[in-house]
Amino acid sequence: MSLIRVAVLVFAASLTAIAQESKLPGVGAAMQEMVSKNEIAGAVTIVVSKKRILHLETTGWADVGTKRPMTADTLFWIASMTKPVTGVAILMLQDEGKLKVSDPVAKYLPGFTDLKTPSGKPANLTITQILTHTSGLGEATGPAAQAAKTLADLEKIWLATPMQYEPGEKWKYTQSGINAASRIVEVISGKTFDVFVQERIFDPLGMKDTTFYPTDAQRARLVTAYAKNATTGALDVVPPRQDFGPRNRPPQGNGGLYSTGPDYARFCGMLLNGGTFDGRRYLSAEAMTLLMSPQTGDLHTGFFQTDAWGNRGSNYGWGIATSILKTPHDGVASMLSPGTYGHGGAWGTQAWIDPVKGVAYILMIQRSGLPNSDGSDVRLAFQQAAATALTK
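Here's a quick rundown of the structure. Numbering of residues begins from 1 in every chain and follows the order in which that chain's sequence is written. A pLDDT threshold of at least 70 governs which residues receive local features in this predicted model, and a stricter bar of 80 or more applies before side-chain atom pairs are shown or counted, although totals over entire chains, interfaces and linings include all residues. In computing side-chain properties, one takes all heavy atoms of the structure into account and sets aside hydrogens as well as water.

Attention shifts here to the overall build of the chain. Strands are runs of DSSP state E lasting at least 2 residues, helices are runs of H or I lasting at least 4, and numbering of each runs from the N terminus. Regarding its fold elements, the chain presents 12 helices and 15 strands. Taken along the three principal axes of its C-alpha coordinates, the chain extends 60 × 60 × 45 Å. By the burial criterion, 57% of the 392 residues in the chain qualify as buried. The contact rule is simple, with two residues in contact once any of their heavy atoms fall within 4.5 Å. Sequence-distant contacts, at least 24 apart, represent 67% of the contacts inside the chain between residues at least 6 apart. For the chain, the distance from the average position of its 37 positive side-chain charges to the average position of its 32 negative side-chain charges is 2 Å. Partly exposed residues are those whose accessible area sits between 20% and 50% of the maximum for their type, while under 20% is buried and over 50% is exposed, using a 1.4 Å probe and protein chains only. Counting rule for charge: Lys and Arg are taken as positive, Asp and Glu as negative, and neither His nor the chain ends is counted. A charge is said to be at NZ when it belongs to Lys, at CZ for Arg, at CG for Asp and at CD for Glu.

Structure, rendered in structure tokens:
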């Protein structure tokens, strides 16, 4: 048995055990301070290496009102942390020779053949463009989008909506593009997107609580979301999003997944190990390169492009459905290496993989109304405490 396989088996096994020794000093205290400041009600924090769990800790409450404690199996809406899963699904199909990310979207979704840009030119969108937020595709909004039951229903709305800009002209976060990639997976595989990722990613990785459609038993473990009251500073309950979770909603690859910290750590562990986990290869080296390498050239990308966030668009590029740190900067990126990649979610969840240092940071919180999930004080406190502990 190879040393790599042994290391991965040890990592996989360690995810089933929650031990006192799997806590990095200082992380719990940093998260407790965030709880005391009413920034969050609670958190699950995980740090993994290629070989094992370095840290797994729970802090605070999954529900403040009932005093339900945060636990490792607490379920979170992970929102846009779904996007890298969509990227992996597409790259799996490329590895099988069923598509290339350079292919035109219209090759698989014929309705895109007649799509025109704002200047009236044929759009000729590529799969890479829809996965890197450079397509300019129109969004699906309004009553029709809320009534959609399948990704095919949403496709009709994207095509009926004017494009936002000329393809490749700029980076603009575009939910429809990621969902169009999910629809391509359905067309090629002959399976709904939720079934494809369940069979090809979640089940093999042992991600038993990652789903578009939580069961009643899983919902009993669902964290309560909170927003900080601007007047009182208290945490107010935020109702669950109704556009994600119900069975009559499409399996949206842009943000529909629910998961737990340990589940998503397995996904990160697979990526950290170069596309391999528990002796099984999920992605080729070529596919991993596309996931980890900027495909957006010199375009400024990401969520730090305003004065408030340091105008750091040039510090980031976009891979296949992943944000990539090209140049570290002060704050949440100060402890990360160039080439760190990952994604955050709308309600504060974060996962970042540092291939240089060989670690991944996974943060599970459920905080609505953050000015910038990627730039939150909670993410900074977690990563800084963990990185400091790793250097000792």
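Resuming the write-up.
So, about helix α7 (residues 175-189). Multiplying 1.5 Å by the residue count of a helix minus one yields the expected span of that helix. Its 15 residues place the ends of α7 22 Å apart at the C-alpha level, agreeing with the 21 Å of an ideal helix rising 1.5 Å per residue. The buried fraction of α7 is high, at 11 of 15 residues. For α7, the full list of buried residues reads Ser176, Gly177, Ile178, Asn179, Ala180, Ala181, Ser182, Arg183, Ile184, Val185 and Glu186. Taken together, the buried residues of α7 touch α3 (83-95), α4 (127-131), α6 (151-160) and α8 (193-205).

Moving on, we come to unusual backbone geometry. A positive phi is found at Asn124, a non-glycine position, where the angle reads about 50°. Following the sequence through the fold, Asn124 ends up in the loop between α3 and α4. Judged by its relative accessible area of 59%, Asn124 is exposed. Positive phi is not limited to glycine here, since Ala321 has a value of about 70°.

What follows concerns the side chain of Asn273. Examined against the element boundaries, Asn273 turns out to sit in the loop between α10 (261-272) and β8 (276-277). A polar contact of 3.2 Å, which involves the side chain of Asn273, links it to the backbone oxygen of Lys50. Distance and chemistry together define a polar contact, namely a pair of N or O atoms within 3.5 Å, with one atom able to donate a hydrogen and the other to accept it when in protein, and with adjacent residues in sequence counting only for side-chain atoms on both sides.

Turning next to the packing of aromatic side chains. Only Phe, Tyr and Trp rings are paired, with Trp represented by its six-membered ring, and only when their centres lie within 6.5 Å; those with planes under 30 degrees apart are stacked, over 60 edge-to-face, the remainder tilted. Counting across every chain of the model gives 13 aromatic pairs. Considering the side-chain rings of Trp171 and Trp318, the 4.9 Å spacing of their centres and the 50° angle between planes classify their relative orientation as tilted. Within this pair, whereas Trp171 is found in the loop between α6 and α7, its partner Trp318 is found in strand β10 (residues 316-318), the two being separated by 147 residues in sequence. As far as the burial class goes, Trp171 and Trp318 line up, both buried. On the basis of an interplanar angle of 90° and a centroid distance of 6.1 Å, the ring pair of Phe304 and Trp309 is categorised as edge-to-face. The class for Phe304 is buried, based on a relative accessible area of 4%. These aromatic residues form a ring-pair network of at least three members: Trp171, Tyr173, Phe303 and Trp318.

Walk down a regular strand and you will see the side chains alternate between the two sheet faces. Every second residue of strand β12 (residues 341-344) is oriented toward a common face, with Tyr341 and His343 on one face and Gly342 and Gly344 on the other, all of them buried. Whether two strands pair comes down to DSSP finding at least two bridges between them. Both strand β11 (residues 323-325) and β12 contribute to a ladder of 2 bridges, which runs antiparallel. Each bridged residue has a counterpart across the sheet, and for Ile324 the counterpart in β12 is Tyr341. With 4 bridges connecting them, β12 and strand β13 (residues 350-354) associate as antiparallel partners. If you follow Gly342 over to β13, its bridge partner there is Trp352. Counting the residues in the hairpin turn of β12 and β13 gives 5 residues, including Gly348, whose phi is positive at 95°.

Reading across the sheet, the 8 strands line up as β3-β2-β1-β14-β13-β12-β11-β10 and stay open at both edges, with antiparallel pairing between neighbours. With one partner strand each, in any of the chains shown, β3 (68-69) and β10 form the two edges of the open sheet. One ladder, built from 5 bridges, connects β13 with strand β14 (residues 359-364); its direction is antiparallel. Of the residues in β14, the one forming a bridge with Trp352 is Tyr361.

We now examine the sheet that holds strand β6 (residues 235-238). Pairing is mixed across the open sheet formed by 3 strands, whose spatial order is β6-β5-β15. Taken across any chain shown, the strands that pair with only one partner, and hence form the sheet edges, are β6 and β15 (367-368).

A few words on the nonpolar core. Put simply, a nonpolar core is a bunch of buried Ala, Val, Leu, Ile, Met, Phe, Trp, Tyr and Cys residues held in one set by side-chain atoms that sit within 4.5 Å of each other. Core analysis: the largest hydrophobic core is formed by 77 residues, its most contacted members being Ile201, Phe267 and Leu271. Look past the residues within four positions of Ile201 in its chain and what remains in contact with it is Val85, Val88, Ala89, Met92, Phe196, Met207, Phe267 and Tyr282. Grouped together as the second largest cluster of nonpolar side chains are 28 residues, Ile40, Ala43, Leu325 and Val378 included.

The pairing of strand β5 (residues 225-228) with β6 spans 4 bridges and is classified as antiparallel. Pairing of Lys228 across the sheet is with Leu235, part of β6.

Salt bridges are defined as contacts in which a side-chain nitrogen from Lys or Arg sits within 4 Å of a carboxyl oxygen from Asp or Glu. Counted by the stated rule, this structure contains 12 salt bridges. Of the charged contacts in the structure, one is a salt bridge between Lys208 and Asp209, with a shortest N-O distance of 3.3 Å. Classification of Lys208 by relative accessible area gives exposed; the value is 64%. Ionic contacts of the salt-bridge type, sharing partners, join the residues Glu39, Lys228 and Arg367 into one network.

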